[in-house]
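Architecture and fold: a report
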Amino acid sequence: MTKSEQLFEEARKVIPGGVNSPVRAYGSVGMAPRFISKAEGAYITDVDGNEYIDFIGSWGPMILGSAHKEVYKNVLDACQYGLSFGAATEIEVKMAKLICELVPSIEMIRMVNSGTEAVMSAIRVARGFTGKNKIIKFEGCYHGHSDAMLVKAGSGVMTAGIPDSAGVPSGCAEDTLSAVYNDFNSVEELFHQWGNEIAAVIIEPVAANMGVVLPEKDFLNKLRKICDDNQSLLILDEVITGFRLGIDGAQGYFGIKPDITTFGKIIGGGMPVGAYGGRREIMELVSPSGGVYQAGTLSGNPVAMAAGYTQLMILKNNPDFYTSLNQTSKQLFEGMKQIIEEYHVPATLNYLGSLGCIFFTQNQVKDYTSAKTSDTKAFGKYFKYMINHGIYIAPSQFEAMFVSGAMGEKEINQTLVVMKKYFEGL
Ligand SMILES: *Cc1c(COP(=O)(O)O)cnc(C)c1O
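Residues numbered from 1 in each chain as written. Predicted model: local features only at pLDDT ≥ 70, side-chain atom pairs only at ≥ 80, totals over all residues. Heavy atoms only, no water.

A word on the packing of helix H6 (residues 184-194) against helix H7 (residues 219-229)
The contact between H6 and H7 brings their axes to 10 Å, and the two run at 10°. Put simply, H6 runs roughly parallel to H7. Contacts from Phe184, Val187, Glu188 and Phe191 of H6 reach H7 at Phe219, Lys222, Leu223 and Ile226. For the contact of H6 with H7, the class distribution of residues is 6 nonpolar, no polar and 2 charged. (Axes fitted to C-alpha atoms, helices over the stretch in contact; angles between N-to-C directions. Helix = DSSP H or I, 4+ residues; strand = E, 2+ residues; numbered from the N terminus. Parallel < 35°, antiparallel > 145°, perpendicular 65-115°, else oblique. Contact = heavy atoms within 4.5 Å. Nonpolar A, V, L, I, M, F, W, Y, C, P; charged D, E, K, R; others polar.)

Dropping the structure here:
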């Protein structure tokens, strides 16, 4: 038995499913999870001493690679002054100013502790601002685990949201309407049906929680327009795409201006941080300046801010970073495409910048239904081979591969060699 397997056995006795977040349990690939002991640069090491090239990067935050020297130094420095004060600090002001400067749609921003919290709060302020209750979300998009976001895919426009988790009262889900990604008609129908009751449309501008699904041309622009026409707000959930597709996120990449944006992952540099921000007149409604209540004991924590601020400053001060990251990513993803072609693998590859996903289906993947045509058994076999040959990818068909700035030719070539061997052997 490996040490990971032993730890998993112990963990399952005292932690539900043995893990503190479901995807870590490797449930969909039927293996015991690898317990991690450390990560540095492009590499991650498990408790049995196996080293892997890390394509998860803590699910996005580690865009510079792990244990970046400067981030690490500033975190240690911050620790010496105290781990938490529960009071206002200078670094919070610097962080807020930096994000407002980097992302033009954001005039004010509030720090929280996770992406879930950011989305939950963004929805509350959207409802407070518009005085309306209904929210449109897209099937297959993930916005954290708050009650209102855990709804089943809609089975037609007449259906109110149905909880997708035990413990969510139907009342919490009934104001969440579900539309189909890349299908503008489905959004129009919901607006038609619910008229003036829609507070906001929330979307991942590049969906990265059903694998990676790109928005079709003009889809986001059409959402912007229909929101404007109906006095509804557009919320871009940039918890993954923020500071990944570029310094100004997916909104900069696609040239679209949301009313509210949510962040997480990268802005914490590996520490638990989330944030939501947007137009001044909306954000001024948040307590204590306005009547929409939202608070957090550890929000804006000085150590977390030191990590996030340092990471964002490094990204800001190195304008070539994204060019180079996207170049490295292109090598990987185009290389994967070639392998798929060469060996006639029944698979499709979607990518944008440093986010990508191989779907084990021959269908073009443009929404949740097409993503779900993937052969998850085939993915499971592929995953097992990859992890056993030093390539650390997400243990699920429906997650992204994250390329980091710590990767270079060596890591990409090594990864492609392993993939090639796998598909060659099939
Ligand atoms: C990860 C994620 C969340 C939730 O963030 P947590 O920090 O896990 O709560 C929300 N939205 C998107 C798009 C995410 O990828």
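Notes on the site of the ligand
Taken together, Ser114, Gly115, Thr116, Tyr142, His143, Gly144, Glu204, Asn209, Asp237, Val239, Ile240 and Lys265 form the complete shell of residues around the ligand. Thr116 is positioned with one of its side-chain polar atoms (N or O) 2.6 Å from an oxygen atom of the ligand. Between the ligand and Asp237 there is a distance of 2.7 Å, counted from a nitrogen atom to a side-chain nitrogen or oxygen. (Near = heavy atom within 4 Å. Polar contact = N/O pair within 3.5 Å; in protein donor to acceptor, adjacent residues only side chain to side chain.)

Quick notes on the pairing of strand S2 (residues 43-46)
Within a regular beta strand, the side chains point alternately toward one face of the sheet and then the other, so they alternate between its two faces. Side-chain alternation along S2 places Tyr43 and Thr45 on one buried face and Ile44 and Asp46 on a second face that is also buried. Relative to S2, strand S1 (residues 36-40) is paired through 4 bridges, and the arrangement is antiparallel. The partner of Ile36 across the bridge, within S2, is Asp46. Hairpin connection of S1 to S2: 2 residues between the antiparallel strands, including Gly41 at a positive phi of 60°. Relative to strand S3 (residues 51-54), S2 runs antiparallel, the two being bridged by 3 bridges. Across the sheet, the residue bridging to Thr45 is Glu51, located in S3. (Buried < 20%, exposed > 50% of the residue type's maximum accessible area, 1.4 Å probe, protein only. Pairing = 2+ DSSP bridges.)

Focus on the packing of aromatic side chains
This structure, assessed with the given rule, holds 18 aromatic pairs. Relative to Phe219, the ring of Tyr181 has its centre 5.8 Å away and its plane inclined at 50°; by these criteria the two rings are tilted. Here the residue Tyr181 occupies a position in the loop between strand S6 (176-179) and H6, and Phe219 occupies one in helix H7, the gap between them amounting to 38 residues. You'll find Tyr181 and Phe219 in the same group, each marked buried. Here the aromatic cluster, defined as three or more aromatic residues joined through ring pairs, consists of Tyr26, Phe360, Phe379, Tyr382, Phe383, Tyr385, Tyr422 and Phe423. (Phe/Tyr/Trp six-rings, centres within 6.5 Å; stacked < 30°, edge-to-face > 60°.)

Quick notes on the sheet that holds strand S4 (residues 108-112)
If you trace the 7 strands from one edge of the open sheet to the other, you get S4-S10-S9-S8-S7-S5-S6, paired in mixed fashion. Edge positions in the open sheet fall to S4 and S6, since each of these has one partner strand only. For this sheet, the mean angle separating the axes of adjacent strands, direction not counted, is 20°. Note that strand S5 (residues 134-138) and S6 share 4 bridges and pair parallel. Along S6, the bridge assignment pairs Lys137 with Ser178. Packing against the sheet, helix H3 (residues 90-102) makes contact with S4 and strand S9 (260-263), and its axis sits at approximately 130° to S4.

Quick word on the pattern of salt bridges
As enumerated under the stated definition, the model contains 11 salt bridges in all. One salt bridge connects Lys225 with Asp229, and the closest N-O pair in it is separated by 2.8 Å. Taken together, the positions of Lys225 and Asp229, both in helix H7 and 4 residues apart, correspond to about one turn of that helix. (Salt bridge = Lys/Arg side-chain N within 4 Å of Asp/Glu carboxyl O.)

Details of the confidence of the model for the protein chain
When pLDDT is averaged along the protein chain, the result is 96, and 98% of the positions lie at 70 or above. Model confidence for the protein chain, summarised as mean pLDDT per element, is weakest for helix H5 (residues 170-173) at 89 and strongest for S9 at 99. (pLDDT = per-residue confidence, 0-100.)

Side note on the domain arrangement of the protein chain
Its domain assignment divides the protein chain into domain 1 (3-67 + 320-425) and domain 2 (69-317). Domain 1 and domain 2 are separated by 25 Å when their C-alpha centres are compared. Counting residues at the interface gives 29 residues for domain 1, matched by 32 residues for domain 2. Together, the buried faces of domain 1 and domain 2 total about 2,500 Å²; carbon and sulfur atoms form 65% of this surface. Area buried by domain 1 at its contact with domain 2 is led by Tyr322, Leu352 and Tyr368, which between them contribute 25% of it. Between the two partners, domain 1 and domain 2, sit 0 salt bridges. Where domain 1 touches domain 2, the interface holds 9 residue pairs in polar contact (both at pLDDT 80 or more). Looking at which element gives the most residues to the side of domain 1 that touches domain 2, the answer is strand S12 (residues 355-359), with 4 residues. A breakdown of the residues in the side of domain 1 that touches domain 2 according to their chemical character gives 20 nonpolar, 6 polar and 3 charged. (Domains from an automatic or database assignment. Buried area = accessible area lost by both parts, 1.4 Å probe.)

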